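Geometric and topological summary
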Amino acid sequence: MTVVSRHVHGERTPLRPAERVRAVAGYFLVVYRRTWQGSLFSRFVSPLLFLLAMGLGLGSLVDGASGGVDGVPYLLFVAPGMVAVQAMLSAVSESTYPVYGLFTWNRMYHSMLATPLTVSDILLGHLGVIAAQGGLAAAAFVLVAALFGSFTSWWVLLAVPVGVLVTLAFAAPLFGFTARAKGDSSFNVVYRLVITPLMLFSGVFFPVDRLPLVLEALAWVTPLWHGVELVRSLAHGSFAPFDLVHLVVLLAFIAVGWVYARTGLTQRLIS
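Here we summarise the structure given alongside this text.

What counts, and at which threshold
- Residues numbered from 1 in each chain as written.
- Predicted model: local features only at pLDDT ≥ 70, side-chain atom pairs only at ≥ 80, totals over all residues.
- Heavy atoms only, no water.
- Helix = DSSP H or I, 4+ residues; strand = E, 2+ residues; numbered from the N terminus.
- Rg over C-alpha atoms; globule rule 2.2 N^0.38 Å.
- Buried < 20%, exposed > 50% of the residue type's maximum accessible area, 1.4 Å probe, protein only.
- Areas by Shrake-Rupley, 256 points an atom, 1.4 Å probe, with all protein chains shown as cover.
- Lys, Arg positive; Asp, Glu negative; His and termini not counted.
- Charge placed at Lys NZ, Arg CZ, Asp CG, Glu CD.
- Phe/Tyr/Trp six-rings, centres within 6.5 Å; stacked < 30°, edge-to-face > 60°.
- Lys NZ or Arg CZ within 6 Å of the ring centre and 35° of its normal.
- Salt bridge = Lys/Arg side-chain N within 4 Å of Asp/Glu carboxyl O.
- Contact = heavy atoms within 4.5 Å.

A count of helices and strands for the protein chain gives eleven helices and two strands. Counted from the first residue to the last, the protein chain has its helices and strands arranged as β-β-α-α-α-α-α-α-α-α-α-α-α. Taking 18 Å as the expected radius of gyration for a compact globule of 271 residues, we find that the protein chain reaches 20 Å, a close match to that expectation. Summarising its shape, the C-alpha atoms of the protein chain cover approximately 70 × 40 × 35 Å along the three principal directions. Put simply, the protein chain has 271 residues, and 48% of those count as buried. Taken as a whole, the protein chain presents about 13000 Å² of accessible surface, with 70% of it coming from carbon and sulfur. Placing the 16 positive and 11 negative side-chain charges of the protein chain at their respective mean positions leaves the two points 15 Å apart.

Next up on the list: the packing of aromatic side chains. As enumerated under the stated definition, the model contains eight aromatic pairs in all. Judged by centre distance (6.4 Å) and plane angle (25°), the ring pair of Tyr74 and Phe77 falls under stacked. Residue Tyr74 and its partner Phe77 are located together in helix H3 (residues 74-95), separated by three residues, close to a single helical turn. Taken individually, Tyr74 and Phe77 each receive the classification buried, so the pair is uniform in this respect. Between Tyr97 and Phe187, the aromatic rings sit 4.9 Å apart at their centres with planes inclined by 70°, giving edge-to-face as the arrangement. Remark: Phe187 occurs in helix H8 (residues 186-201) and Tyr97 occurs in helix H4 (residues 97-104); sequence separation between them is 90 residues. Using a relative accessible area of 0% as the deciding quantity, one classes Phe187 as buried. Through a chain of ring-to-ring contacts, the aromatic side chains of Tyr97, Tyr100, Trp105, Phe177 and Phe187 assemble into a single cluster. In this structure, Arg232 packs its charged tip against the face of Phe77, placed 3.8 Å from the ring centre.

Under the defined criterion, the tally for this structure stands at four salt bridges. Arg20 is the partner of Asp121 in a salt bridge, and the nearest nitrogen-oxygen pair spans 2.5 Å. Here Asp121, found in helix H6 (residues 119-147), pairs with Arg20, found in helix H1 (residues 17-32); they are 101 residues apart in sequence, far enough to count as distant. The class of Asp121 is buried, set by a relative accessible area of 4%. For Arg20, a relative accessible area of 17% gives the class buried. Asp209 is the salt-bridge partner of Arg210, the closest N and O atoms lying 3.5 Å from each other. Just as Arg210 is exposed, Asp209 falls in that class too.

Once that is clear, we can look at the side chain of Thr178. Topologically, Thr178 is positioned in helix H7 (residues 159-180). The exposure class of Thr178 is buried, given its relative accessible area of 0%. Residues in contact with Thr178, not counting those within four places in the same chain, are Ser95, Thr96, Val99, Tyr100, Phe103, Phe187 and Arg268.

Right, dumping it as structure tokens:
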């Protein structure tokens, strides 16, 4: 399944850590190769439908009634936020049921661990592929939205690596949650009570300062709000010192999520 050694001068030697991680990532890329065409198609169709419905349809009503959001046309306000949302949704879809299946349905993680691969190798390799998929989702939305004139600055190209950070900020903690899940019904709670409220109340469709103070404070401690604000700044070249805080918060979620995920995988696979 996974190459764990190589021949050097006729002798088999263990792979180095970076090579082991690439071997894990290579497995998931081979699996992804079976479905990439449908996945790529949906990544471009989804932003197109959204921009037509929300950015142009609803946006025309908002712009006509109130002149946009804080003086900005609604399309230009909502499109950057949806870049971060696409990254989040990509992370959630790849870090819940698929990961749970690797624990329970086909036990592929157990097979990998039966080789010289470590838990860190498995986690880093799989997260790397999910991060790439999140970056692809963000890039697709940026490309389609740019055709609608949704951005005013070339800095928006940096929204793609920010999308990767948003993906990891959700994927890493979700790996830890999935590793501890007793059944797949737990993911219904995640989708209904976490992901949906985050989409609605993290500044994607309206500024969070329109929310009650308690909900506004909750938005401040979510990775999605920080991702939305950072992409919005890039999309319009309106940088502020606080944007560094957004970046630091995303990195903190990734770091804490890594520890939580590695601990969870270790407990599930070894303990």
